[in-house]
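# Working through the structure, step by step
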Amino acid sequence: MLKLIEELCAIDGVSGREEAVAEFIYNQISPVCERCEIDPLGNVLAMKKGRETPKKRLLLDAHMDEVGFIVTYITEEGRLKISPLGGIDARVVAGKSVFVGPKRVYGIIGTKAVHMMTPEERDKAPKIDELTIDIGAGSREEAENWVNPGDPVVFDSDFVLFGEGFVKAKALDDRAGCAVLMDILLKEELPYDTWFSFTVQEEIGGSGAKAAAYTVDPAVAISVETTTAADIAGVEEDKKVCFLGKGPVISFMDRGTIYDRELYRLALDTAEKYGVKAQPKLGVFGGNNAASLHKARGGVRPMAVSMPCRYLHTPSCVLKTEDILATRELLFRLIGELGAR
Amino acid sequence: MTNVKELLLGMSSAVGVSGREEGPVSLAEKELSALGQVRIDALGNLICTVKEPRAGQKHFMLDAHVDEIGMIVTYIEENGFLKVAACGGFDRKLLLASQVEVHTDQGVLPGVICSIPPHLQSGEKPNPKIDEIYIDIGCGREEAARRTAPGDIVTFHARNREMLGGYLTGKALDNRAGCVTVMRAAQLLSKEELDCGISVTLTSREEINAAGAAAASFAVNPTHAITVDVSFAYTPDAKKDQCGELGKGPMIGISPILSREMSDQLIRIAKEKEIPWQVEIMGGETGTNADAIVPVRGGIRTAVVSIPQAYMHTPVEKIDPRDVENAARLLAEYVKEEAARHA
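Since we're looking at a predicted model, the values are computed, not measured.

## Brief notes about the sheet that holds strand β10 (residues 161-162) of chain B
All names here are of chain B. Overall, antiparallel pairing links the three strands, which are arranged β10-β11-β17 in an open sheet. The open sheet has two edge strands, β10 and β17 (317-319), and neither has a second partner. As paired elements, β10 and strand β11 (residues 168-170) share two bridges and run antiparallel to each other. Pairing of Arg161 across the sheet is with Thr169, part of β11.

Here is the structure:
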């Protein structure tokens, strides 16, 4: 599983440019699926036959895109102006290194030296539209040999195992979700027919999930995600939202969705029944593809099962391995529980 | 001796935060011991005698500070997160979500810098101060205490790379670029028959208080010192009048505290030998080792030569290796001429 996550995180795929991720997933899962296709928006939609066909169709969704930037303009001095793809905290951008465009040109998001800043400038994080990328080009003409407006920009960040079972990488949001679904698809014999969607453009509004839910037409949809954990030093206990090491996080509400109350309880009960750790998401923050999935056609009952993740939307997302495995276990059990209803 | 680019990459990868300069010092020792006697003094300075001075001869000290900025672990929190203090002047907007390395007696621990997430903060979110950040090493208190301890050094994780246009980027190029300059200059001079003494010093603790440079220049007791550091290279968000330019050659410092005669000679020689050069004008103290070297013993004639650098004090410092090569040539030509003059 960790190897699969490492492979998935290494692929560049900001919102709108998920082709390489989709191809990787399609190639791996299509041999075990009854149906598998890449739809017009770039979503990978798959159905794996189970021992029975359930009364209510179940869709498990994970998004393929990662946060990053898009090149909007090349200055006369050969530097690149950028716009964020997804909600990136402006404070984590300056001083980071990136790769730009299909040629993976190395770049630096650099600003003038701290020594030359006023006290106000030292305090304030520059806005993303005030920053530029330096790729080493001295002029617009030189830069245009390597990059073009519209090119994607990804963070330069390694996959690292550290501490007591932790993983650090870019794009864990939501390649870890993709990996969990792939692992179930590839390794499990399923009790019921189950649909899987690996969707595009979650970070910029979820249009991939809208189309996927329309096509699959499920009765129940589970968004398999990563979600903000603030379980760090200096944060009051009631503000930590969720905790690494306490298992998958079940949402009752976030900024995009009020979750199905019965399914919320079912997720927690199923965890208890099978001795899998799980925790409620203690706070109404963030959002995910459920916001799109539950509004499809005549409405779909939504659930969210997420891995608690520190430093979401930065080049250094952190997950705990045991949470990834527990999330996989809970989702597999939920396929059985939901199918039986 | 290893070539300039490889030396820059190697020296910049070596870990040597102020007060703990052993890494780059031992790498430099291997290179410099081919050129002269090397000793490491009480403060961790490397002093290499390239040519022992005889009585009455001029004695040139070619100096560069070898330390880099970093952090030091001050406390392990109840939940295993580490608190740190800064060693050197940090740009606080680089801190969040950066991958770091904690250098312990048992080895290197990866970690991530964190602070309160944005959704839990309201209104303006200023860059965190060093005492507001924590380092997440993925361990609970007990395990953290087993693996690390207060006093351990922390650096940014950085991979040195070559960029388009031949530039190099990485951590600690402030001031390993200066170190490589004086090492290369010593190499250029080592084969020459010269009527002077030459010492190379790679000095400790510049980012804190320049104690290394003061002690080393006392011990070497040179007649002339040139310290090589990095200075600001222009980027579009900076002021042109405060910066040099990458690739336009070494910056020759002019300041009331420096020897104007040395600065003028450096400029003259650069012109004569057609070495690209720029000036860096400072109104007083230079913010380099020169400030510590000038008043040592009865006073030392001192010059500053700087390598232009963008993104100073970040893990992505950027230099042009051609500036290093040109600076080394300038130093070597200067020493050759000055040794011959009035000799």
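So that's the structure; there's more coming.
## Structural notes on the interface of chain B and chain A
With 59 residues of chain B at the contact, the number on the chain A side is 55 residues. For the pairing of chain B and chain A, the buried interface totals around 4900 Å² over both sides, and the portion due to carbon and sulfur atoms is 59%. Linking chain B with chain A are five salt bridges, by the criterion used here. Ionic pairing is found between B:Arg159 and A:Asp158, a salt bridge with its closest N-O pair at 2.7 Å. Between chain B and chain A we count 22 residue pairs in polar contact (both at pLDDT 80 or more) in total. Looking at the side of chain B that touches chain A, the elements with two or more residues in it are β7 (107-114), β8 (134-136) and α3 (141-147) of chain B. When residues of the side of chain B that touches chain A are assigned to their parent elements, the largest contribution, three residues, is made by β7(B). A class-by-class count of the residues in the side of chain B that touches chain A yields 29 nonpolar, 16 polar and 14 charged.

## Concerning the sheet that holds strand β12 (residues 194-199) of chain A
Residues and elements named next belong to chain A. A sheet is described by the order of its strands in space; here eight strands give the open sequence β1-β2-β12-β3-β13-β16-β14-β15, paired in mixed fashion. Each end of this open sheet is capped by a strand with a single partner; those strands are β1 (35-38) and β15 (279-280). Here helix α7 (residues 261-273) sits on the sheet in contact with β13 (220-228), β14 (249-250), β15 and β16 (301-309), set at roughly 45 degrees to β16. With respect to the sheet, helix α9 (residues 321-339) is in contact with β3 (58-63), β12, β13, β14 and β16, its orientation differing from that of β16 by roughly 165 degrees.

## A few points about the domain arrangement of chain A
Residue and element names in this part refer to chain A. Considered domain by domain, chain A is made up of domain 1 (2-66 + 170-339) and domain 2 (68-155). Relative to domain 2, the C-alpha centre of domain 1 lies at a distance of 31 Å. Opposite the 12 residues of domain 1 that make contact, domain 2 presents 14 residues. Its largest share of buried area at the contact with domain 2, domain 1 owes to Val14, His313 and Pro315, together 43% of the area lost on that side. Counting across the interface, domain 1 meets domain 2 through one salt bridge.

## Considerations on the pairing of strand β5 (residues 82-87) of chain B
Here strand β4 (residues 70-76) of chain B runs beside β5(B); their pairing, made up of six bridges, is antiparallel. Within the sheet, the bridge partner assigned to B:Val73 lies in β5(B) and is B:Val84.

## Quick notes on the pattern of salt bridges
Residue and element names in this part refer to chain A. On inspection of all chains with the given rule, the structure shows 51 salt bridges over all chains. Its salt-bridge partner being Glu19, residue Arg17 comes within 3.6 Å of it at the nearest N-O pair. A relative accessible area of 35% means that Arg17 is categorised as partly exposed. Residue Glu66 pairs with Arg175 through a salt bridge whose shortest N-O separation is 3.1 Å. Taken together, the positions of Glu66 in the loop between β3 and β4 (68-74) and Arg175 in helix α5 (residues 172-187) put the pair 109 residues apart, joining distant regions of the chain. A network of salt bridges, in which partner residues are shared, links Asp12, Glu66, Arg104, Lys170 and Arg175.

## What about the domain arrangement of chain B?
Residue and element names in this part refer to chain B. Structurally, chain B comprises domain 1 (4-68 + 171-340) and domain 2 (70-156). Domain 1 and domain 2 are separated by 32 Å when their C-alpha centres are compared. Listed per partner, the contact involves 10 residues of domain 1 and 12 residues of domain 2. For the pair domain 1 and domain 2, the summed buried area comes to about 880 Å², and 70% of that belongs to carbon and sulfur atoms. Applying the counting rule to domain 1 against domain 2 returns zero salt bridges. On the surface where domain 1 and domain 2 come into contact, there are one residue pair in polar contact (both at pLDDT 80 or more). In terms of residue class, the side of domain 1 that touches domain 2 is built from four nonpolar, two polar and four charged.

## What about the packing of aromatic side chains?
Residue and element names in this part refer to chain A. Counted by the stated rule, this structure contains six aromatic pairs over all chains. Pairing Phe252 with Tyr264 gives two aromatic rings, centres 5.8 Å apart and planes at 85 degrees, and the pair type is edge-to-face. Of this pair, Phe252 sits in the loop between β14 and α7 while Tyr264 sits in helix α7, placing them 12 residues apart in sequence. Taking relative accessible area as the criterion, Tyr264 reaches 10% and is therefore assigned buried.

What counts, and at which threshold
- Residues numbered from 1 in each chain as written.
- Chains lettered and ligands numbered in written order.
- Predicted model: local features only at pLDDT ≥ 70, side-chain atom pairs only at ≥ 80, totals over all residues.
- Heavy atoms only, no water.
- Pairing = 2+ DSSP bridges.
- Helix = DSSP H or I, 4+ residues; strand = E, 2+ residues; numbered from the N terminus.
- Contact = heavy atoms within 4.5 Å.
- Buried area = accessible area lost by both parts, 1.4 Å probe.
- Salt bridge = Lys/Arg side-chain N within 4 Å of Asp/Glu carboxyl O.
- Polar contact = N/O pair within 3.5 Å; in protein donor to acceptor, adjacent residues only side chain to side chain.
- Nonpolar A, V, L, I, M, F, W, Y, C, P; charged D, E, K, R; others polar.
- Axes fitted to C-alpha atoms, helices over the stretch in contact; angles between N-to-C directions.
- Domains from an automatic or database assignment.
- Buried < 20%, exposed > 50% of the residue type's maximum accessible area, 1.4 Å probe, protein only.
- Phe/Tyr/Trp six-rings, centres within 6.5 Å; stacked < 30°, edge-to-face > 60°.

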